[in-house]
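Here's the letter readout for the chains.
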Amino acid sequence: LDRVADTLARLGVRRPLPQVPAMLLGAAELSPIEVAAMYQTIAADGLQMSLRAIYAITDSRGQLLARYPQQPQQTVDAAAVHLLQYALIETMREGTGRGAYQRLPQDFRVAGKTGTSNDFRDSWFAGFAGDYLSVVWMGRDDNAPTGLTGSSGALRAWRDFMADVSREPMPFTPTAEVSYSWVDGRSGLLSKAWCDGSRNMPFIGGSAPQRKAADCRRDLPRLWRWFTDALD
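The residue numbers shown here count from 1 along each chain, following its written sequence. Per-residue local features of the predicted model are confined to residues with pLDDT of at least 70, and side-chain atom pairs are confined, for both listing and counting, to 80 or more; whole-chain, interface and lining totals are unaffected and use all residues. Side-chain metrics rest on all non-hydrogen atoms present in the structure, leaving aside hydrogens and water.

A.B. asks: Now, about the pattern of salt bridges: what can you tell me, with residues and values included?
C.D. replies: By salt bridge we mean one thing: a side-chain nitrogen of Lys or Arg within 4 Å of a carboxyl oxygen of Asp or Glu. As enumerated under the stated definition, the model contains eleven salt bridges in all. Residues Asp119 and Arg121 are paired through a salt bridge, measuring 2.8 Å at the closest nitrogen-oxygen approach. A salt bridge links Arg140 to Asp142, with the nearest nitrogen and oxygen atoms 3.0 Å apart. A simple rule labels every residue: compare its accessible area, found with a 1.4 Å probe on the protein chains alone, to the largest value its type can have, and call it buried under 20%, exposed over 50%, or partly exposed in between. Note on Arg140: relative accessible area 43%, which makes it partly exposed.

What follows is the structure in structure tokens.
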């Protein structure tokens, strides 16, 4: 639990959090601006920076009067963040965030995550593209249930906002410490691109599986088996 709390602090959470097992399920009281600060670090490849309402002040002629420069710090390992970004992208493609593509273009890469509290009291969504990051919370002032999950409530507001303002898909380039390998979706063992159910997944150097899944070529037509043998 202390390592989880430390990671949250390095992502940008300032308030002390109770280190109880429910923390692992997200049971922590955070405001939308605190969640935005945490996701900002994730979107910036582990670079933490303060959120500001004003970055600079100019006069009526555009002359700079004051500037409040950022001093980003690498507080989270960029390779680990890349793996997290991959998971958040897949959440949007195949998981609880896939409803966003009812309005966003299918080739527009975004990353994000839904959140639903007990008894449907809170509906959350946090996500980002290449130019905007936004967080949506839906709930009642009296803490009564809303009947909304993260995907049926907050996600819908998030996708409508992002569809209107965002024009840059999320950039996604692995660091030198990350490599991609084809793995079997069922066993998690090394596989090949042509095998049914295989996925191309990122791994920090040295963490990719070493064992190989069963050879899938016996299920391929003879011509395809010859072709894959040539590739090997």
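A.B. asks: Quick rundown of the sheet that holds strand 7 (residues 133–138)? Include the residues and the values.
C.D. replies: Strands sit in the order 5-6-7 across an open sheet of three strands; the sheet is antiparallel. Single-partner strands in this sheet number two, and they are strand 5 (111–116) and strand 7. Taken pair by pair, the neighbouring strands of this sheet meet at an average axis angle of 5°, ignoring direction. Where strand 6 (residues 123–128) lies against strand 7, six bridges are found, and the strand directions are antiparallel. Looking across to strand 7, one finds that Phe128 is bridged to Leu133. Contacts are residue-level and defined by heavy atoms, with any inter-residue pair within 4.5 Å sufficient. Angles shown run from 0 to 180 degrees and are taken between the N-to-C directions of axes, each axis being a line fitted to C-alpha atoms and, for helices, limited to the stretch in contact. Secondary structure is summarised from DSSP: a helix means a run of H or I of at least four residues, a strand means a run of E of at least two, and numbering begins at the N terminus for each. Its contacts with the sheet put helix 3 (residues 78–94) on strand 5 and strand 6, and the angle it makes with strand 5 is roughly 70°. DSSP calls a pair of strands paired once it identifies at least 2 bridges connecting them.

A.B. asks: An account of helix 1 (residues 2–11) is requested, with residue identities and associated values reported.
C.D. replies: Here helix 1 has its buried residues at Ala5, Leu8 and Leu11. Projected onto a plane normal to the axis of helix 1, the buried residues spread over an arc of 120° and lie on a single side. More than 90 degrees from the buried face of helix 1, the exposed residues found are Asp2 and Arg3. Where the residues of helix 1 are buried, they touch helix 2 (32–43) and strand 1 (47–48). Of the residues one or two after helix 1, Gly12 is the one with positive phi, at around 130°. Directions from the helix axis toward the C-beta atoms define the arc.

A.B. asks: Break down the packing of helix 1 against helix 2 for me, citing the residues and quoting the values.
C.D. replies: Closest axis-to-axis distance for the helix 1/helix 2 pair is 8 Å, and the angle between their directions is 85°. Of the possible angle classes, the one that applies to helix 1 and helix 2 is roughly perpendicular. The residues of helix 2 that touch helix 1, namely those facing Leu8, Arg10 and Leu11, are Ala37, Met38, Thr41 and Ile42. Class assignment for the residues of the contact of helix 1 with helix 2 results in five nonpolar, one polar and one charged. Angles below 35 degrees are treated as roughly parallel, those above 145 as roughly antiparallel, those between 65 and 115 as roughly perpendicular, and all remaining angles as oblique. Polar here means any residue outside two lists: the nonpolar Ala, Val, Leu, Ile, Met, Phe, Trp, Tyr, Cys and Pro, and the charged Asp, Glu, Lys and Arg; Gly therefore counts as polar.

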